[in-house]
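Each chain is listed here by its residues.
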Amino acid sequence: MTLFSSTRERRLWAWTLLVVAAIYSTLGLASTLAGLLRDSGVLTPQFVLAMLLIGAAVVTRGLTWRPGGLEIAVALGVAAVYGLVFVRMALETERSHLIEYGVVALLIYEALTERASQGRRVPLPAALAFLAAVAIGAADEGIQWFVPIRVFDPLDILFNALAAFMAVAGSVALAWARRRTWRSRRGSSNP
């Protein structure tokens, strides 16, 4: 038996590893880089641009399968929650957790659901993805305890967990809405 159930699963795990490596590689540089970007007045526009690009990717991906009304409603609800959390977070560094650990959680969740779809046993992929992303975020913070220019902050672990929860919950909700739409379309085409 091979380690991965499919090429897609292997690719998703590779992307997960790449994103985690990128996050961890910034441990020594992140505060310096954030300070430079903040001082130059570029940090907030870059974050907004990143969020818009992610939104555009989600919308264009959604257009490939003609979403139904329920899918659109759920997607708007997820977008509203992200928007509210984004506005409520005061610091750009807090906002970055939404992207970093949201992406990590989604990649893990997609890899686990791909594995399950290939017949491998994966109990509660959403819960496993959430817990794995939280563990990766907690390790990130734990490492900062030993890095002199960084500060261990338990609140960041909560931000990481919030980002992972929002990403996985949003993905689960969208998948549920997509299945309901697909079933209703399939049911209406069968007399």
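Just above, that's the structure.
What counts, and where the lines are drawn
- Residues numbered from 1 in each chain as written.
- Predicted model: local features only at pLDDT ≥ 70, side-chain atom pairs only at ≥ 80, totals over all residues.
- Heavy atoms only, no water.
- Patch = residues over 30% accessible without salt bridge, like charges linked within 9 Å, V, L, I, M, F, W, Y side chains within 5 Å.
- Areas by Shrake-Rupley, 256 points an atom, 1.4 Å probe, with all protein chains shown as cover.
- Salt bridge = Lys/Arg side-chain N within 4 Å of Asp/Glu carboxyl O.
- Lys, Arg positive; Asp, Glu negative; His and termini not counted.
- Charge placed at Lys NZ, Arg CZ, Asp CG, Glu CD.
- Helix = DSSP H or I, 4+ residues; strand = E, 2+ residues; numbered from the N terminus.
- Buried < 20%, exposed > 50% of the residue type's maximum accessible area, 1.4 Å probe, protein only.
- Contact = heavy atoms within 4.5 Å.

(A) Inspection of a positive patch on the surface at higher detail. Taken together, the side chains of Arg179, Arg180, Arg183 and Arg186 make up a positively charged region of the molecular surface. If you trace the backbone, Arg179 turns up in helix 7 (residues 154-189).

(B) Inspection of the environment of Ser96 at higher detail. In this fold, Ser96 is placed in helix 5 (residues 92-117). Given a relative accessible area of 22%, Ser96 falls into the partly exposed group. Measuring from C-alpha to C-alpha, the distance between Ser96 and Phe159 comes to 9.5 Å, with 63 residues separating the pair along the chain.

(C) Seen up close, the environment of Phe86. Structurally, Phe86 can be placed in helix 4 (residues 69-88). Distance in space between the C-alpha atoms of Phe86 and Ser96 is 9.6 Å, their sequence separation being 10 residues.

(D) Representation of the side chain of Ser171 in the model. Following the sequence through the fold, Ser171 ends up in helix 7. Overall, the relative accessible area of 15% leaves Ser171 in the buried class. Once residues within four sequence positions are removed from consideration, Ser171 is found in contact with Leu106, Tyr109 and Glu110.

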